[in-house]
Amino acid sequence: MLNKIFLMGRLARDPELRRTQTGTPVASFRLAVDRDFKDRNTGERATDWIDAWRQTAEFVSRYFTKGRMAVVEGRLQIRDWTDKDGNKRTTAEVVADQVYFGDSKRDGDGGGYGNSGYSSGGYSGGGYASSGGYSAPAAPAAPSGFGAPAGGDQFAELSDDDGELPF
C-alpha cells in the first residue's frame, strides 16, 4: 500500500509552532496551491492545512515565513474526533515527513543568502546544514589520457577496438 503526497505552494501565513502535552513540537501551516477552481463565496483559491512534527516542525517554524515556496512530502491522515457539542467529525490532514525550500531566499522575499544555495535544502529529521546550506560538489578532474581529442573533433578512434560488443 502507498500513502504519499507531494504538494508545492506558497505559505499563506507564518507557521504556528506549538507543543503537545509531552513536549513534542508540532508546526501547522497553510499552503496555497494552484487549483482549477475558486471558492464560490469568496472567489479565492483554497489553501491546505499541513502539520509537521518534531524536528521538521522546528525547521519549518524557524526558516519558513508567509509567501515562501515550500515543497512538502508527506502522507494523508484521516482522523475522527468529537467537537465541543458532541458531534462526530472527520478530518483529512497532510502530515509532512519532509519539507524543502521551493525557492531561494532571494526569490522568496528579496533578502539575500547570496549563492549559499538554500533553494536546494530540505529537512527530514537531522543533518541539515542550516548555517551553510547546500553547494554542488566540484566537478572531478578527468583522468590523464582521456578527454576530447586534439584538433577539435569530438570523437576519436579506439586504438584497441576488437569489434566485439561489451555486453
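This write-up is about the structure you can find in this document. (Residues numbered from 1 in each chain as written. Predicted model: local features only at pLDDT ≥ 70, side-chain atom pairs only at ≥ 80, totals over all residues. Heavy atoms only, no water.)

1. A look at the overall build of the protein
Counting its regular elements, the protein contains two helices and seven strands. In the protein, which comprises 167 residues, the proportion classed as buried is 26%. Taking the contacts inside the protein whose residues are at least 6 apart along the sequence as the reference set, 54% of them involve residues at least 24 apart. Taken as a whole, the protein presents about 12,100 Å² of accessible surface, with 49% of it coming from carbon and sulfur. (Helix = DSSP H or I, 4+ residues; strand = E, 2+ residues; numbered from the N terminus. Buried < 20%, exposed > 50% of the residue type's maximum accessible area, 1.4 Å probe, protein only. Contact = heavy atoms within 4.5 Å. Areas by Shrake-Rupley, 256 points an atom, 1.4 Å probe, with all protein chains shown as cover.)

2. Comments concerning the pattern of salt bridges
Using the criterion set out here, one finds eight salt bridges in the structure. Among the salt bridges present, the one from R68 reaches D103, with a minimum N-O distance of 3.1 Å. Placement of R68 in the loop between α1 (54–63) and β5 (69–82) and of D103 in the loop between β6 (88–101) and α2 (105–109) is noted, with a sequence separation of 35 residues between them. The burial state of R68 is the same as that of D103; both residues are buried. Measuring nitrogen to oxygen at the nearest pair gives 3.1 Å for the salt bridge that ties E93 to R79. Linking E93 in strand β6 with R79 in strand β5, this pair joins segments that are 14 residues apart in sequence. The class for E93 is buried, based on a relative accessible area of 12%. Put simply, R10, R68 and D103 are held in one network by salt bridges that share partners. (Salt bridge = Lys/Arg side-chain N within 4 Å of Asp/Glu carboxyl O.)

3. Quick notes on the pairing of strand β1 (residues 5–11)
Looking at chain direction, β1 and β5 are connected through six bridges and run antiparallel. Considered in β5, the bridge of F6 is made with E73. Where β1 lies against strand β3 (residues 25–32), two bridges are found, and the strand directions are antiparallel. Bridged to R10 within β3 is A32. (Pairing = 2+ DSSP bridges.)

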